[in-house]
Amino acid sequence: MAQVLTPPDLSAFLGRKVTRVDVALDDDTWTDVAIPQVRTVRVGLDFVPSLARQLLDEVLASGLFARGRVSVLEEPGGVRLLAHVVPRKLIESLRVDLHGAPVQEDEMLRDADLATGGELVAKDLPDQQARIEAFFASRGFPSAVVNITTRQTDSVQRVTVLVDVVPGAPFALTHRRFIVLGAAPKAILATNETYAVHPGDRMDQATLEAADLGLANRLRAQGYHHASVAHDLVVAGATSTIQVRIDTGPLFVPKYEGNEHFASDAL
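Overview of the structure.

Cut-offs used in this document
Residues numbered from 1 in each chain as written. Predicted model: local features only at pLDDT ≥ 70, side-chain atom pairs only at ≥ 80, totals over all residues. Heavy atoms only, no water. Helix = DSSP H or I, 4+ residues; strand = E, 2+ residues; numbered from the N terminus. Rg over C-alpha atoms; globule rule 2.2 N^0.38 Å. Buried < 20%, exposed > 50% of the residue type's maximum accessible area, 1.4 Å probe, protein only. Axes fitted to C-alpha atoms, helices over the stretch in contact; angles between N-to-C directions. Parallel < 35°, antiparallel > 145°, perpendicular 65-115°, else oblique. Left-handed = near helix turned anticlockwise from the far one by under 90°. Contact = heavy atoms within 4.5 Å. Pairing = 2+ DSSP bridges. Phe/Tyr/Trp six-rings, centres within 6.5 Å; stacked < 30°, edge-to-face > 60°. Salt bridge = Lys/Arg side-chain N within 4 Å of Asp/Glu carboxyl O. Arc of directions from axis to C-beta.

### Structural notes on the overall build of the protein chain
Line of reasoning, step 1. Each helix and strand in the protein chain was counted, giving five helices and nine strands.
Line of reasoning, step 2. Put simply, the protein chain runs from its N terminus to its C terminus through helices and strands in the order β-α-β-β-α-β-α-β-β-β-α-α-β-β.
Line of reasoning, step 3. Compactness check: the protein chain gives a C-alpha radius of gyration of 31 Å against a globular reference of 18 Å for 267 residues, more than 25% above the reference.
Line of reasoning, step 4. Summarising its shape, the C-alpha atoms of the protein chain cover approximately 110 × 60 × 35 Å along the three principal directions.
Line of reasoning, step 5. The burial tally for the protein chain puts 34% of its 267 residues in the buried class.

Written out as structure tokens, the structure is:
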């Protein structure tokens, strides 16, 4: 749920003369960001709260900034209006180097909210880098090193984004264990052995979820119509155990009843 903030009380500044109107960058990552000239809010006007919104609207209309806020500051003889803005760029192109990591590039970029033609805010880069690190961790690369940089293009509003990910050593499973509820473990032993993840495999969360679903579907096909499968990962030092939790539910056995015929003299 979005948080609705109470607007500040600016009644103390009502009617005071505007002595200065300034725009400040809240991020200096890019040195080619020009501060726009403000034309609609001028020195000498009597302050009313709508001037702050008017100032912010004009600055954001330039398309150079992702978001902003306005401070109203008391000064001798009046008030100063200061717009704080966060620069943005548009992504002209993306260059990605995963150093051979077997992961889906499109999924990674979607998780990081990076796309050609999309918006890039320098202050958001650490968060996007963290998202990529989390994505690689979920794919079995817990020590991935991510570096996101930008290069200027012919347009001051556009950049090329370079995403470099050194995946590091994969995290492999060492043991597999089945925990069965509902049925005798021996009754479904052969089916359990079809579970698609084995010791030595990389701890890929997407592959594990697919293995859970595949096993559950095979159990349902055998008559355990309410079967569910989930997994836990237990790590102790160099040992990593995947615990596959199976709740088969009841076994449904089909029963067929034929028509019954009676001779006329028996009726």
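### Looking at the packing of helix α2 (residues 105-112) against helix α3 (residues 125-138)
When two helices pack together, their arrangement is given by the angle between the helix axes and by the axis-to-axis distance.
Line of reasoning, step 1. At a minimum axis distance of 8 Å, the contact between α2 and α3 shows a crossing angle of 140°. Accordingly, the angle class assigned to the pair α2 and α3 is oblique. In this structure, the crossing between α2 and α3 has a hand that is right-handed. In this structure, α2 contributes E107, M108, D111 and A112 to the contact, and α3 contributes Q128, R131, I132, F135 and F136.

### Digging into the pairing of strand β3 (residues 78-97)
Line of reasoning, step 1. Both strand β1 (residues 18-25) and β3 contribute to a ladder of seven bridges, which runs parallel. For V21, the partnering residue across the bridge sits in β3 and is L81.
Line of reasoning, step 2. Alignment of strand β2 (residues 65-75) against β3, held across 10 bridges, turns out to be antiparallel. Bridging from a neighbouring strand, E74 pairs with V79 of β3.
Line of reasoning, step 3. Two successive antiparallel strands, β2 and β3, enclose a turn made up of two residues, where G77 displays a positive phi of approximately 90°.
Line of reasoning, step 4. The sheet contact formed by β3 and strand β4 (residues 119-121) spans three bridges and is antiparallel. Bridge pairing in β4 links K89 to L120.
Line of reasoning, step 5. Bridge count for β3 against strand β6 (residues 158-166) is seven bridges, and the pairing is parallel.

### Overview of the environment of A190
Line of reasoning, step 1. For A190, the position within the fold is in helix α4 (residues 189-192).
Line of reasoning, step 2. The class for A190 is exposed, based on a relative accessible area of 62%.
Line of reasoning, step 3. Through-space distance from the C-alpha of A190 to that of P76 is 84 Å; in sequence the pair is 114 residues apart.

### Some words on the sheet that holds strand β8 (residues 228-236)
Line of reasoning, step 1. Pairing is mixed in the open sheet, where three strands are placed in the order β7-β9-β8. Each edge of the open sheet is held by one strand with a lone partner, namely β7 (175-181) and β8. Shown here is a sheet whose adjacent strand axes are inclined to one another by a mean of 20°, direction ignored.
Line of reasoning, step 2. Bridge analysis of β8 against strand β9 (residues 239-247) gives nine bridges, and the strand direction is antiparallel. Bridging from a neighbouring strand, L233 pairs with I242 of β9.

### Concerning the packing of aromatic side chains
Line of reasoning, step 1. Under the definition given, this model contains four aromatic pairs.
Line of reasoning, step 2. Relative to F136, the ring of F135 lies with its centre 6.0 Å away and its plane at 75°, an arrangement referred to as edge-to-face.
Line of reasoning, step 3. Taking the relative accessible area as the measure of exposure, F136 reaches 0% and is therefore buried.
Line of reasoning, step 4. Aromatic ring contacts, followed pair by pair, group F135, F136 and F141 into a single cluster.

### A short note on the pattern of salt bridges
As a working rule, side chains carrying opposite charge can pair if their charged atoms are close by.
Line of reasoning, step 1. Using the criterion set out here, one finds 17 salt bridges in the structure.
Line of reasoning, step 2. Between R67 and D124 there is a salt bridge; the shortest N-O distance is 3.1 Å. Of this pair, R67 sits in strand β2 while D124 sits in the loop between β4 and α3, and the two are 57 residues apart along the sequence.
Line of reasoning, step 3. Exposure remark for R67: the relative accessible area of 38% places this residue in the partly exposed category.

### What to know about α2
Owing to its 3.6 residues per turn, the α-helix brings residues three or four apart onto one side.
Line of reasoning, step 1. Of all the positions in α2, only M108, L109 and A112 are classed as buried. The arc that holds the buried residues of α2, viewed along the axis, is 95°, so those residues lie on one side. Every exposed residue of α2 that faces more than 90 degrees away from the buried side is listed here: D106 and R110.
Line of reasoning, step 2. Buried residues in α2 make contact with β3, α3 and β6.
Line of reasoning, step 3. Downstream of α2 by one or two residues, D113 has phi in the positive range, about 60°.

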